[in-house]
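# Secondary and tertiary structure notes
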Amino acid sequence: MGKEKKKRAAKVFCYYCEREFENEKILVQHQEAKHFKCHVCNQKLSTASGMAIHVLQVHKEAVSKVPNAIPGRESTEIEIFGMQGIPDDILAAHYGEQAISRTLRYFPPADYFFKVESVSVLLNTRMEKYESGSFEVGGYKWRLCLYPNGINKSEGKRHVSLYLEISDTENLPLGWELYADEKASHFNVIKTRRGIAQFLSLDELKDPCNGYLMDDCCIFGAEVFVIKYSGKGECLSVIKDPADGTFTWEIENFSQRNREIIYSEIFTVKEVKWQLILYPRGNQKAKNKSLSLFLELARYETLHQRKLYAEFESSIKDQKSSAYIKLSHADVWFSDSNEVWGFPNFISLSDLHDKPDDFLLNDTLIVQAKITLMIYSRNI
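Summary of the structure given here.

The rules behind each value
- Residue positions within a chain follow its written sequence, with the count starting from 1.
- In keeping with the model being predicted, local features are shown solely for residues with a pLDDT of at least 70 and side-chain atom pairs are shown and tallied solely at 80 or more, while totals for entire chains, interfaces and linings include all residues.
- Based on all heavy atoms of the structure, the side-chain values leave hydrogens and waters out of the count.
- Every helix listed is a DSSP run of H or I at least four residues long, and every strand listed is a run of E at least two residues long, numbered separately from the N terminus.
- Residue burial is assigned from relative accessible area. The probe radius is 1.4 Å, only protein chains are included, and a residue is buried under 20% of its type maximum, exposed over 50%, and partly exposed in between.
- When checking whether two residues touch, look at their non-hydrogen atoms; a contact exists if any pair is within 4.5 Å.
- Only the protein chains shown count as cover for residues, and the accessible areas themselves come from Shrake-Rupley with a 1.4 Å probe.
- Side-chain rings of Phe, Tyr and Trp (the six-membered ring for Trp) are treated as a pair once their centres are within 6.5 Å; stacked means planes under 30 degrees apart, edge-to-face means over 60, and tilted covers the remaining angles.
- Here, a salt bridge means any side-chain nitrogen of Lys or Arg that lies within 4 Å of a carboxyl oxygen of Asp or Glu.
- Here a strand pair is declared whenever DSSP counts at least two bridges between the two strands.
- The residues that make up patches have over 30% relative accessible area and no salt bridge, and they are joined within 9 Å when like-charged or within 5 Å when they are Val, Leu, Ile, Met, Phe, Trp or Tyr.
- The positive count covers Lys and Arg only, the negative count covers Asp and Glu only, and His and the chain ends enter neither.
- To locate a charge, take atom NZ for lysine, CZ for arginine, CG for aspartate or CD for glutamate.
- Put simply, a nonpolar core is a bunch of buried Ala, Val, Leu, Ile, Met, Phe, Trp, Tyr and Cys residues held in one set by side-chain atoms that sit within 4.5 Å of each other.
- The arc in question is the one traced by the directions running from the helix axis out to the C-beta atoms.
- Helix span, as expected, comes to 1.5 Å for every residue beyond the first.
- Any cysteine sulfur atom paired with another within 2.5 Å is treated as part of a disulfide.

### Looking at the overall build of the protein chain
If you tally the helices and strands in the protein chain, you get seven helices and 21 strands. Relative to its 380 residues, the protein chain shows a buried fraction of 44%. Considering only contacts within the protein chain whose residues lie at least 6 apart along the sequence, 62% involve residues at least 24 apart. Carbon and sulfur atoms provide 48% of the accessible area of the protein chain, an area that totals close to 21,000 Å².

Rendered as structure tokens:
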């Protein structure tokens, strides 16, 4: 059985000479120097037609062919800028039928975008993948899949990977297929997403000269088939060590609490509502063995049916030394099906009651929850 040949990420190329480049910025510089430069005064223009008009108006000469172009591509009437304007058949011949190309333009995507805050923090977290909320275009539902540090160690190494994926496929008819975006990318029951593993190198992203990052924020987007802005979007917030991320809960008259479950007051970290849940004698998994402590996402509906990633730690106060002892740590995706996460064996009942002056001074238990990282999206 033969080994499948590994595909390389498609590079941008020059329409006039077929030369390939690492990015479109270098391509545009090449075109200005080799194909759009006035042969009389050496001024560099932005397009072939601009060069022809300049030569005619300034130097009174007519130019009908693009300099240094291969046969059949010398026309000054085709408007080419970087990768913009290249005919579909030329793209297909260069990349192959299923190729994905990169182009540079100066207007935003029409259908969907999401903003990522605190990019430098996001790149140093353990979150491998983020799926945007769904958006509808052309009667189908879509989402963007972002891999901040690449989809895998080989294809996406040292790159941001970005994919467009069709969602809600279970409601589509058997054997469905469609073509979407300006390059007629093919989606079907087997191929539900299209994208680029090496969408943007991390070095390019971080380079301030490129303008991708502004105040440690960047914006990704998608335009699918219908070029009409829908007004929908979201902002991905990445919050490291929030100032209001620590909640301390003092439970007085602890020994007199006869309820199986005790709820704390609701507390807010940024705009997200949380609550602590305590089982004085343990939940079902730790009944009569340990005290159980859980963190609950108290107002899930404020997330608009999206998920929230959180890293948090739970501690108990040693009241004799006034120090908080960290007992547990977790990183969890909260959602409508997973609103509560915690620690059944937070502290054993024997340890708790054997040292009443440490943990139950004046019959008061003091526990603390500290949220150190939150990643979630909101509508904008």
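Moving on from the coordinates now.
### Some details on the side chain of Asn283
With respect to the helices, strands and loops of the structure, Asn283 is situated in the loop between strand 16 (272-279) and strand 17 (290-297). Given the relative accessible area of 11%, Asn283 is considered buried. Contacts of Asn283, omitting those with residues within four sequence positions, involve Ser292, Phe294 and Pro344.

### Side note on the packing of aromatic side chains
All chains considered together, the criterion is met by 13 aromatic pairs. Ring centres of Phe199 and Phe220 lie 6.3 Å apart, and the angle between their planes is 45°; this geometry places the pair in the tilted category. With Phe199 in strand 10 (residues 193-201) and Phe220 in strand 11 (residues 218-222), this pair connects stretches of sequence that are 21 residues apart. A residue is classified by how much of its surface remains accessible, and Phe199, at 31% relative accessible area, is partly exposed. Considering the side-chain rings of Trp274 and Phe334, the 5.1 Å spacing of their centres and the 75° angle between planes classify their relative orientation as edge-to-face. Of this pair, Trp274 sits in strand 16 while Phe334 sits in strand 19 (residues 323-334), and the two are 60 residues apart along the sequence. In this pair, the class of Trp274 matches that of Phe334, namely buried. Within the aromatic cluster, the residues linked to one another by ring pairs are Phe114, Tyr130, Phe199 and Phe220.

### Regarding the pattern of salt bridges
Enumeration according to the criterion identifies 10 salt bridges in this entry. Residue Glu131 pairs with Lys129 through a salt bridge whose shortest N-O separation is 2.9 Å. For Glu131, a relative accessible area of 32% corresponds to the partly exposed category. Arg158 serves as the salt-bridge partner of Asp203, at 3.0 Å between the closest nitrogen and oxygen.

### Description of the pairing of strand 19
Regular strands have side chains that alternate between both faces of the sheet. Relative to strand 19, strand 18 (residues 308-318) is paired through 11 bridges, and the arrangement is antiparallel. Pairing of Glu311 across the sheet is with Asp331, part of strand 19. Turn length for the strand 18-strand 19 hairpin, with the two strands adjacent in sequence and antiparallel, is four residues, and the turn residue Ser322 shows positive phi of about 65°.

### Regarding a positive patch on the surface
Taken together, Arg19, Lys34, Lys37 and Lys44 make up a surface patch of like positive charges. Of note, Lys37 is situated in the loop between helix 1 (24-34) and helix 2 (48-59).

### Digging into the nonpolar core
Membership of the largest hydrophobic core comes to 37 residues, with the highest contact counts inside it found for Trp249, Trp274, Leu278, Leu291, Phe334, Leu352 and Leu365. The element contributing the most residues to this core is strand 21 (residues 365-379), with six residues. Formed by 29 residues, the second largest nonpolar core is a distinct cluster that contains Leu122, Leu146, Cys218 and Val238.

### Topic: helix 1
Those residues of helix 1 that sit buried are Glu24, Leu27, Val28, His30 and Gln31. For helix 1, the buried positions fall inside an angular range of 160° around the axis, keeping them on one side. Considering only its buried residues, helix 1 is in contact with strand 1 (12-13) and strand 2 (20-21).

### Observations concerning unusual backbone geometry
One non-glycine residue, Glu18, lies in positive phi territory at about 70°. You can see Glu18 is positioned in the loop between strand 1 and strand 2. You can call Glu18 partly exposed: its relative accessible area is 27%. In this structure, Ser118 is a non-glycine residue whose phi angle is positive, near 50°. Topologically, Ser118 is positioned in the loop between strand 3 (112-116) and helix 4 (119-122).

### Concerning the environment of Leu373
As for its placement among the helices and strands, Leu373 is situated in strand 21. According to the relative accessible area criterion, Leu373 is buried, its value standing at 1%. Distance from Leu373 to Gly245, taken between C-alpha atoms, is 8.6 Å for residues 128 residues apart in sequence. If we ignore the near neighbours within four places in the chain, the residues touching Leu373 are Val121, Thr125, Val238, Ile239, Lys240, Tyr309, Ala310 and Glu311.

### Some details on helix 2
With 12 residues, helix 2 should reach 16 Å at 1.5 Å per residue; the first-to-last C-alpha distance of 16 Å fits that figure. Regarding helix 2, the residues found buried are Ala48, Ser49, Met51, Ala52, His54 and Val55. Lys60 sits one or two positions beyond helix 2 and adopts a positive phi of about 60°.

### Thoughts on the state of the cysteines
Using the criterion set out here, one finds zero disulfides in the structure. Here Cys217 is not cross-linked by a disulfide; its sulfur's nearest cysteine counterpart is in Cys235, at 7.1 Å. Overall, Cys235 belongs to the buried group, its relative accessible area being 2%.

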